[in-house]
Amino acid sequence: MLLWWIGHGLALASRFSTPVRSQITRSLTVEISTDDGVARHWVFDSRRRLVSVTAGRAEAPDLALRFTSSGQALRDLTSPRAMDRIMVNLMHGAVRLEGSVMILAWFHGLTRRLVPIGRPGSRRQALPGAYLAHDPASNGVEKITIEPAVRQLDPRWTRAWNSRAKLWLVRGASGEPLRDP
């Protein structure tokens, strides 16, 4: 039932969810199966950015995740630490992995877009107390030298002018002729 839900959830999300569609960049086949007969595979179509799901084993999957029992698969796939559990069981022989572990990590991320089990993703927000402007009362300010901005180098700074003459970006932007490297 879990694999059916994940399968049809991904198929629907690939039609309506822009974040899920943007993740489908390769055409590949992912299979999850158990030794006691439960199997389902997903076919990702990068050209149309869609997912189709089929019951049973795939003929030549790019990634096959095979569990020794359906109970083991259920415990591992619904765990908040699913990747950790799968890797530990991979070492103990309760899980077999055929294909790249990077595809497994990508597929795990897609499933977590449907059901956010486990650690939440990072929230993009400004850190509290961020250094946005100069604060003379902050610690360590006595060691920071603040000089006024200048539009042009002082003509007396010969070493700075010599260094500037070597910068291609500055010379090219100002229209100076550039030599071949």
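What you see is a predicted model; the values in this text were computed from it and never measured.

## Points about the pairing of strand S4 (residues 63-67)
And step 1. Across the five residues of S4, five count as buried, placing the element largely inside the fold.
And step 2. Neither face of S4 is left uncovered, since the one carrying Leu63, Leu65 and Phe67 and the one carrying Ala64 and Arg66 both have all their residues buried.
And step 3. Direction of pairing for strand S1 (residues 28-34) relative to S4: parallel, over a ladder of five bridges. Within S4, the residue paired with Ser33 across the bridge is Arg66.
And step 4. Direction of pairing for S4 relative to strand S5 (residues 95-99): antiparallel, over a ladder of five bridges. When the bridges of S5 are listed, Arg66 appears paired with Arg96.

## Description of the pattern of salt bridges
And step 1. Under the defined criterion, the tally for this structure stands at seven salt bridges.
And step 2. Where Arg66 meets Glu31, a salt bridge forms, and the shortest distance between an N and an O atom there is 2.3 Å. Within this pair, whereas Arg66 is found in strand S4, its partner Glu31 is found in strand S1, the two being separated by 35 residues in sequence. Glu31 shares its class with Arg66; the two are buried.
And step 3. Its salt-bridge partner being Arg85, residue Asp76 comes within 3.0 Å of it at the nearest N-O pair.
And step 4. When its relative accessible area of 32% is taken as the criterion, Arg85 is described as partly exposed.

The rules behind these values
Residues numbered from 1 in each chain as written. Predicted model: local features only at pLDDT ≥ 70, side-chain atom pairs only at ≥ 80, totals over all residues. Heavy atoms only, no water. Buried < 20%, exposed > 50% of the residue type's maximum accessible area, 1.4 Å probe, protein only. Helix = DSSP H or I, 4+ residues; strand = E, 2+ residues; numbered from the N terminus. Pairing = 2+ DSSP bridges. Salt bridge = Lys/Arg side-chain N within 4 Å of Asp/Glu carboxyl O.

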